[in-house]
Amino acid sequence: MDQRRLRCKELEEKVMSAEEAAQFIKPGMTVGTSGFTPAGYPKAVPLELAKRAENGEELKLTIMTGASVGPEIDARLAESGAMVRRYPYQTNGTSRKKINEGSVKYVDMHLSHSSQQIKAGFLGPVHVAIIEAVAITKDGGIVPSTSVGNSNIYVEKAEKVIVEINTSQPLELEGTHDIYDIPLPPHRKPIPLTKVDQRIGVPYIPCDPDKIVAIVETDITDKSRPVAPIDEISEKMAKNLIEFLSNEVKENRLPENLLPLQSGVGSVANAVLAGLANSPFEHLTVFSEVLQDSVFSLIDCGKVDFASGTSITLSPEKLETFPEDIKRFKDKIILRPQEISNNPGLARRLGVIAMNTALEVDIYGNVNSTHVSGTRMMNGIGGSGDFTRGGYLSIFTTASTAKGGAVSSIVPMVSHIDHTEHDTMVIVTEQGVADLRGLDPVERAECLIEKCAHPDYKDQLRGYLEEALQHKGKHTPHNLEKALSWYTRLAETGTMKES
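Just so you know, these numbers come straight off a predicted model, no measurement behind them.

(A) Highlighting the overall build of the chain. If you tally the helices and strands in the chain, you get 17 helices and 25 strands. The C-alpha atoms of the chain give a radius of gyration of 23 Å, which matches the 23 Å a tight globule of 499 residues would have. Referenced to the eigenvectors of the C-alpha coordinate spread, the extents of the chain come out at roughly 75 × 50 × 45 Å. The buried share among the 499 residues of the chain stands at 59%. Considering only contacts within the chain whose residues lie at least 6 apart along the sequence, 74% involve residues at least 24 apart. Approximately 19,700 Å² of the chain is accessible, and the part contributed by carbon and sulfur atoms is 50%. Measuring between centres, the 54 positive side-chain charges of the chain sit 2 Å from its 67 negative side-chain charges.

Put into structure tokens, the structure is as follows:
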């Protein structure tokens, strides 16, 4: 193995094949892996575990990660039956199918909560950690690749550590990481971070070399998802958001260069953030969990000065040029553990502007981010709650309709609540912006219907509100039977529209 990547002499004898390394993982174990949305996750050893399950071995593994990972874990381990329990977030279609069938037990968690709960032992022991790295230092320190996530915690808590040194990941990533550990109470101290570009830790994950039982060399690349082209609806949402932020500056509620930006994951979030390239804002900073294509584009065009996250998640096109691109981005980015990047206290301290994506929003401002029609898990809450609860401004974006207009994203009552009305300040659709700050529930409803609902559904929503106001409770008026009828109608006819 290249000595630039494996610098610890005493670990050279632990280099082995992925098949050999996988033998350290026994049936019924809990395995913690690197990886976050989906970047920097191990590939070679999980593929060998899938082969064992496909050959009839009942592994029944619990898999913990930082966030979503690639198909080598969430597709192959789910499909093969090797994975029976999953924490704390996923986005894979195969994994989702198994979760909704009930064959994989899935615990959806706030990502900042997962860090503490794993460290505290609330979820049981971590038997083996599998961590993707670009190098191992001479003292056994693990230099992560394109994500940190919960990797540092798995290395700390695991009985055994397997390291996949991935030669497809550029060595230039070394130096971009800032690993800082938060002790459990009562030994916790204030996190000494007051600026987005501040370093408070070390550029590797500390690890006792004796804990490392296997080192596997691999060159399997991250399997990222394409970013959808920016469509007209996304452009309108970005325009509405920028107009809102510009007005906040005008009203002296935000500084001219705004405050640190956080953006959720996916094509809509990427498109909305990309809209800032044509905005008047300059010298922006990003304090987020995932650094997507748009963040690097904003750095390239001189809009963003510095970006902090826990993973670099790029489209396949951007991944191709990443080994060269990282050289010029290296001094403008930093990757931290998710217990730092997603820490609600830091979001509050830094004054983060939280921008996340909703599946649906009800007329009082409650947000569903996770469940289609209330029962079918989509992906999970991820880090949206971490930033929404701590942010200076909490903003949710969604197209006003889905499924070609058959479904309204603004509804009388959401079918599942991830973010309550108490945490949501601003809703943005392509129709407009609903600023809910300081409004009582009925005022919120009127504002959301007027500003954000699609014209095809406005009269229907107004009718619901008017009828609900005839009932006893005038503060947050509801007609539960009528609210449920929206989803009943969808199930029966394929549309929420009244006939």
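(B) Just the packing of helix H16 (residues 455-468) against helix H17 (residues 480-493), in detail. The contact between H16 and H17 brings their axes to 10 Å, and the two run at 150 degrees. The angle between H16 and H17 falls in the class roughly antiparallel. Counting all contacts with H16, which are made through Tyr457, Gln460, Leu461, Tyr464 and Glu467, the residues of H17 involved are Lys482, Ala483, Trp486 and Arg489. Its residues assigned to classes, the contact of H16 with H17 comprises five nonpolar, one polar and three charged.

(C) Looking closely at the sheet that holds strand E23 (residues 410-411). On the basis of which strands lie adjacent, the open sheet formed by three strands has the order E17-E16-E23 and mixed pairing. The outermost strands of the open sheet, each flanked by one partner alone, are strand E17 (367-368) and E23.

(D) Broad picture of unusual backbone geometry. Cis geometry marks the peptide bond from Tyr87 to Pro88, where omega comes out at -20 degrees. Structurally, Pro88 can be placed in the loop between strand E3 (83-87) and helix H5 (93-101). With omega at 10 degrees, the peptide bond leading from Pro185 into Pro186 counts as cis. Checked against the element boundaries, Pro186 lands in the loop between strand E7 (160-166) and strand E8 (212-218). Positive phi values are uncommon outside glycine, yet Lys60 reaches one of about 50 degrees. Among the secondary structure elements, Lys60 is positioned in the loop between helix H2 (44-54) and strand E2 (61-64). On the basis of relative accessible area, Lys60 is assigned to the partly exposed category, the value being 48%. Look at Lys403: it is not a glycine, yet its phi comes out positive at around 55 degrees. Of note, Lys403 is situated in the loop between strand E21 (401-402) and strand E22 (407-408).

(E) Representation of the side chain of Gln90 in the model. Following the sequence through the fold, Gln90 ends up in the loop between E3 and H5. In this structure Gln90 comes out as buried when scored by relative accessible area, which is 0%. Within the structure, Gln90 has its side chain in polar contact with the backbone oxygen of Asn379 (distance 3.1 Å). Once residues within four sequence positions are removed from consideration, Gln90 is found in contact with Ser68, Asp74, Ser95, Arg96, Ile99, Tyr106, Met377, Met378, Asn379 and Gly380.

(F) Region of interest: the environment of Glu57. Structurally, Glu57 is set in the loop between H2 and E2. As for Glu57 and Ala82, which are separated by 25 residues in sequence, their C-alpha atoms are 8.3 Å apart. The residues contacting Glu57, other than those within four sequence positions of it, are Pro27 and Arg52. Engagement of the side chain of Glu57 in a polar contact is seen with the side chain of Arg52, the distance being 2.9 Å.

(G) Representation of the nonpolar core in the model. Membership of the largest hydrophobic core comes to 68 residues, with the highest contact counts inside it found for Ile142, Leu245, Leu258, Ile353 and Ile395. For Ile142, the residues in contact, after removing those within four places along its chain, are Ile131, Ala133, Ala135, Val155, Val161, Val163, Tyr204, Ile205 and Cys207. Residues Ala434, Ala445, Leu461 and Leu490 belong to the second largest nonpolar core, which totals 29 residues.

(H) View of the packing of helix H15 (residues 441-451) against H16. Packing of H15 against H16 brings their axes to within 9 Å, and their N-to-C directions diverge by 170 degrees. As the angle between them shows, H15 and H16 are arranged roughly antiparallel. Seen from H15, the contacting residues are Ala445, Glu446, Ile449 and Glu450; seen from H16, they are Lys458, Leu461, Arg462 and Leu465. Looking at the contact of H15 with H16 residue by residue, the classes come out as four nonpolar, no polar and four charged.

(I) Looking closely at the pattern of salt bridges. Following the criterion strictly, the structure yields 27 salt bridges and no others. Lys223 serves as the salt-bridge partner of Glu72, at 2.9 Å between the closest nitrogen and oxygen. Pair noted here: Glu72 is in helix H3 (residues 71-74) and Lys223 is in the loop between E8 and helix H8 (232-250), with a separation of 151 residues, a long-range link. Of the charged contacts in the structure, one is a salt bridge between Arg336 and Asp178, with a shortest N-O distance of 3.1 Å. One end of the pair, Arg336, is in the loop between strand E14 (333-335) and helix H12 (338-341); the other, Asp178, is in the loop between E7 and E8, with 158 residues separating them in the sequence. By the burial criterion, Arg336 is buried, and Asp178 matches it.

(J) Molecular detail of the packing of aromatic side chains. Here the structure, examined in full by the defined rule, presents two aromatic pairs. Note on Phe296 and Phe329: the rings are 4.9 Å apart at their centroids and 65 degrees apart in plane angle, and the pair reads as edge-to-face. Note that Phe296 is positioned in helix H10 (residues 293-300) and Phe329 in helix H11 (residues 316-329), a separation of 33 residues in sequence. Neither Phe296 nor Phe329 differs from the other in exposure class; each is buried. In this structure, Arg489 is placed above the aromatic ring of Trp486, and the distance from its NZ or CZ to the ring centre is 5.9 Å.

(K) Region of interest: the side chain of Thr397. Relative to the elements of secondary structure, Thr397 occurs in strand E20 (residues 393-397). For Thr397, a relative accessible area of 3% corresponds to the buried category. When near neighbours in sequence (up to four residues on either side) are disregarded, Thr397 contacts Met237, Val268, Asn356, Thr357, Ala358 and Val428.

Calculation notes
Residues numbered from 1 in each chain as written. Predicted model: local features only at pLDDT ≥ 70, side-chain atom pairs only at ≥ 80, totals over all residues. Heavy atoms only, no water. Helix = DSSP H or I, 4+ residues; strand = E, 2+ residues; numbered from the N terminus. Rg over C-alpha atoms; globule rule 2.2 N^0.38 Å. Buried < 20%, exposed > 50% of the residue type's maximum accessible area, 1.4 Å probe, protein only. Contact = heavy atoms within 4.5 Å. Areas by Shrake-Rupley, 256 points an atom, 1.4 Å probe, with all protein chains shown as cover. Lys, Arg positive; Asp, Glu negative; His and termini not counted. Charge placed at Lys NZ, Arg CZ, Asp CG, Glu CD. Axes fitted to C-alpha atoms, helices over the stretch in contact; angles between N-to-C directions. Parallel < 35°, antiparallel > 145°, perpendicular 65-115°, else oblique. Nonpolar A, V, L, I, M, F, W, Y, C, P; charged D, E, K, R; others polar. Pairing = 2+ DSSP bridges. Polar contact = N/O pair within 3.5 Å; in protein donor to acceptor, adjacent residues only side chain to side chain. Core = buried A, V, L, I, M, F, W, Y, C linked by side-chain atoms within 4.5 Å. Salt bridge = Lys/Arg side-chain N within 4 Å of Asp/Glu carboxyl O. Phe/Tyr/Trp six-rings, centres within 6.5 Å; stacked < 30°, edge-to-face > 60°. Lys NZ or Arg CZ within 6 Å of the ring centre and 35° of its normal.

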